[in-house]
Amino acid sequence: QAQLVESGGGLVTPGDSLLLSCTDPGRAFSRWSMGWFRQAPGKEREFVAAISSIGAVPVYADSVKGRFTISREDASNTVTLQMNNLKPEDTGIYYCTADPTVPWNWAQNPWQNIYAWGLGTQVTISL
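The following paragraphs examine the structure supplied in this document. Computed from a prediction, not measured in an experiment: that's the story for all the values here.

## Describing the pairing of strand E5 (residues 46-51)
Point 1. Burial analysis of E5 places five of its six residues in the buried class, the great majority of the element.
Point 2. With five bridges joining them, strand E4 (residues 33-39) and E5 adopt antiparallel strand pairing. Note that in E5 the partner of Gly35 across the bridge is Ala50.
Point 3. Linking E4 back to E5 in an antiparallel pair, the connection comprises six residues, with Gly42 at a positive phi of about 75°.
Point 4. As paired elements, E5 and strand E6 (residues 58-60) share three bridges and run antiparallel to each other. Looking across to E6, one finds that Ile51 is bridged to Pro58.

Next comes the structure, spelled out in structure tokens:
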């Protein structure tokens, strides 16, 4: 089982942008769906976005649709999350994830079902 490694978190102000990146060093999940969850302090972990292995079909939570863009680059073994127009409610630890299931089911399924997780990267949006 490969370790997923996130990077790109930081402290920004509302309206700013951040680019998160996730690598799969062992290339274990090249044929799996990959995505992002986030968790704010004291709140339930929630789905953010995911992308399929075949066709790179993206899926987004309603709260981020139109602001975030998920992409995967198989040549560099990387999945990214471009976050634009960030809001204070976007604050949290962002986790890179991988699972063999199709991504359009991720939002309604329990997050505990996701197979592989990174350690997370902190994203803070504050005035």
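## What about a nonpolar patch on the surface?
Point 1. The grouping of Val57, Val102 and Trp104 at the surface amounts to a nonpolar patch, some 250 Å² of accessible area in total.
Point 2. Within the secondary structure, Trp104 is located in the loop between strand E9 (92-99) and strand E10 (116-117).
Point 3. Overall, Trp104 belongs to the partly exposed group, its relative accessible area being 46%.

So, how was this worked out
- Residues numbered from 1 in each chain as written.
- Predicted model: local features only at pLDDT ≥ 70, side-chain atom pairs only at ≥ 80, totals over all residues.
- Heavy atoms only, no water.
- Buried < 20%, exposed > 50% of the residue type's maximum accessible area, 1.4 Å probe, protein only.
- Helix = DSSP H or I, 4+ residues; strand = E, 2+ residues; numbered from the N terminus.
- Pairing = 2+ DSSP bridges.
- Patch = residues over 30% accessible without salt bridge, like charges linked within 9 Å, V, L, I, M, F, W, Y side chains within 5 Å.
- Areas by Shrake-Rupley, 256 points an atom, 1.4 Å probe, with all protein chains shown as cover.
- Salt bridge = Lys/Arg side-chain N within 4 Å of Asp/Glu carboxyl O.

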